[in-house]
Amino acid sequence: MEMNITLIIPVLLGWVSGLFVNYASDVLPQTRRFSQPACPDCQTPYSWADYLTLRACRNCGRIRSLRMWLVQIMAVASFVYFWLFPSKALGIPLGMLVLIYFGIITVIDLEHRLILHPTSLVGAVLGLIVGTYIHSRIDQNGLLIGMSKSLLGGLFGFAVMFLLYQFGALVARYRARRMQAAGQAADEEEALGGGDVYLAGVLGLMLGWPFIWDALVLGVLLGGLISVLLIFVLLVRRRYSSEALMTFIPYGPYFIASAFFLLFGP
Ligand SMILES: [Zn+2]
């Protein structure tokens, strides 16, 4: 019984964190700062009381998004779960901060295919703290070695994705030239978004060396596997085209999922 009562703490913390993830995901892609939230349909600003109690818009009656409710439920569920079974690498408080951060960047990436520079900057600070914490405890390395491993991981993640990004840009330019030669309008397709480079740097700081290597391999495998499944489904439904093959693979969510698995997994 006693355990059931203390579970009120992660339920409340999870609910409040969910509200913060929703709020950041609503305003940051629009205004790049913590502004007054507004109805996505009629742009009427919500009162804070209405916004935080998930009320419908008073002007046009638009109810709040399904995402808002999903995030609230997932935040409470994950906080309760990691309260009972904390990440061995992070412990409870740092684990909760990382959950909130992953929540914000995942929602924004899925909804806008965007990794924002301000969130990457905040992530870099959080990543350095997390990475230093993890690596200074491994073999009781101490703070200095812990911080070096975090920085090395960040540098490696950034450098690898930067090179892949340059390669992707080269392929995209070649493809645009061929499409123009064939009389088609060139599109702006990019195999790898520039934000993914910064994301890999942030995750590298967080996981440190050598764990960032595992996260990148896992992320690329996961992204590739899901793309193959997608192409298979399109083939089966006879809606496959060469366009579908070239569809942009958003690696961001796969890298986040891999880092999540490494930090919170068994
Ligand atoms: Zn409205």
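Quick caveat, the model's predicted, so the values are computed rather than measured.

Basis of the calculations
- Residues numbered from 1 in each chain as written.
- Predicted model: local features only at pLDDT ≥ 70, side-chain atom pairs only at ≥ 80, totals over all residues.
- Heavy atoms only, no water.
- Helix = DSSP H or I, 4+ residues; strand = E, 2+ residues; numbered from the N terminus.
- Buried < 20%, exposed > 50% of the residue type's maximum accessible area, 1.4 Å probe, protein only.
- Contact = heavy atoms within 4.5 Å.
- Polar contact = N/O pair within 3.5 Å; in protein donor to acceptor, adjacent residues only side chain to side chain.
- Core = buried A, V, L, I, M, F, W, Y, C linked by side-chain atoms within 4.5 Å.
- Domains from an automatic or database assignment.
- Donors = N, O, S within 2.8 Å, 3.2 Å for Na, K, Ca; no water.
- Tetrahedral: all angles 85-135°; square planar, octahedral: opposite > 155°, others 65-115°.
- Salt bridge = Lys/Arg side-chain N within 4 Å of Asp/Glu carboxyl O.
- Buried area = accessible area lost by both parts, 1.4 Å probe.
- Nonpolar A, V, L, I, M, F, W, Y, C, P; charged D, E, K, R; others polar.
- pLDDT = per-residue confidence, 0-100.

1. Description of the environment of Tyr23
Position of Tyr23 among the secondary structure elements: in helix 2 (residues 8–31). Overall, the relative accessible area of 10% leaves Tyr23 in the buried class. Here the alpha-carbon distance between Tyr23 and Met68, two residues 45 residues apart in the chain, equals 9.0 Å. Not counting chain neighbours up to four residues away, the residues in contact with Tyr23 comprise Phe34, Ser35, Pro37, Trp48 and Tyr51. In this structure the side chain of Tyr23 is engaged in a polar contact, spanning 2.7 Å, whose partner is the backbone oxygen of Ser35.

2. A word on the nonpolar core
Of all hydrophobic cores here, the largest spans 41 residues; its most connected members are Leu90, Val98, Phe102, Val130, Leu203, Met206 and Leu263. A total of 11 residues in this core trace back to one element, the largest contributor, which is helix 5 (residues 91–112). Mapping this core onto the domain boundaries places at least three of its residues in each of domain 1 (1–85) and domain 2 (116–266). Setting aside chain neighbours within four positions, we find Leu263 in contact with Ser87, Ala89, Leu90, Val98, Phe102, Ile134, Met206 and Leu207. Membership of the second largest hydrophobic core comes to nine residues, among which are Leu19, Val27, Tyr51 and Met68.

3. Re the coordination of the zinc ion
Around the zinc ion, the protein contributes the donor atoms Cys39 (SG), Cys42 (SG), Cys57 (SG) and Cys60 (SG), at 2.3 Å from the metal centre. Around the zinc ion sit four donor atoms, and with donor-metal-donor angles ranging over 105 to 114° the site reads as tetrahedral. Going along the chain, you hit the donors of the zinc ion in the pattern C-x2-C-x14-C-x2-C. Taken as a pair, Cys42 in the loop between helix 2 and helix 3 (48–52) and Cys57 in the loop between helix 3 and helix 4 (66–84) lie far apart in primary sequence, 15 residues in all. Looking at Cys42, the relative accessible area reads 27%, which means it is partly exposed.

4. Comments concerning the pattern of salt bridges
The final tally for this structure, using the stated rule, is five salt bridges. Among the salt bridges present, the one from Asp50 reaches Arg55, with a minimum N-O distance of 3.7 Å. Ionic pairing is found between Arg58 and Asp50, a salt bridge with its closest N-O pair at 2.5 Å. Among the residues examined, Arg58 registers a relative accessible area of 64% and is labelled exposed. A residue is classified by how much of its surface remains accessible, and Asp50, at 8% relative accessible area, is buried. Linked by salt bridges that have partners in common, Asp26, Arg67 and Glu111 make up one network.

5. Re the domain arrangement of the protein
Domain boundaries assigned for the protein yield domain 1 (1–85) and domain 2 (116–266). Taken together, the contact between domain 1 and domain 2 spans four residues of the former and four residues of the latter. Interface area, domain 1 with domain 2, both sides summed: about 350 Å², of which 90% is carbon and sulfur. When the area that domain 1 buries against domain 2 is broken down by residue, the three leading residues are Leu28, Arg32 and Phe82, summing to 93%. Linking domain 1 to domain 2 there are zero salt bridges. Taken together, the connections running from domain 1 to domain 2 amount to zero residue pairs in polar contact (both at pLDDT 80 or more). Looking at the side of domain 1 that touches domain 2 residue by residue, the classes come out as three nonpolar, no polar and one charged.

6. So, the confidence of the model for the protein
Per-residue pLDDT for the protein has a mean of 88; in total, 91% of the residues score no lower than 70. Ranking the elements of the protein by mean pLDDT puts helix 10 (residues 242–245) last with 51 and helix 4 first with 96.

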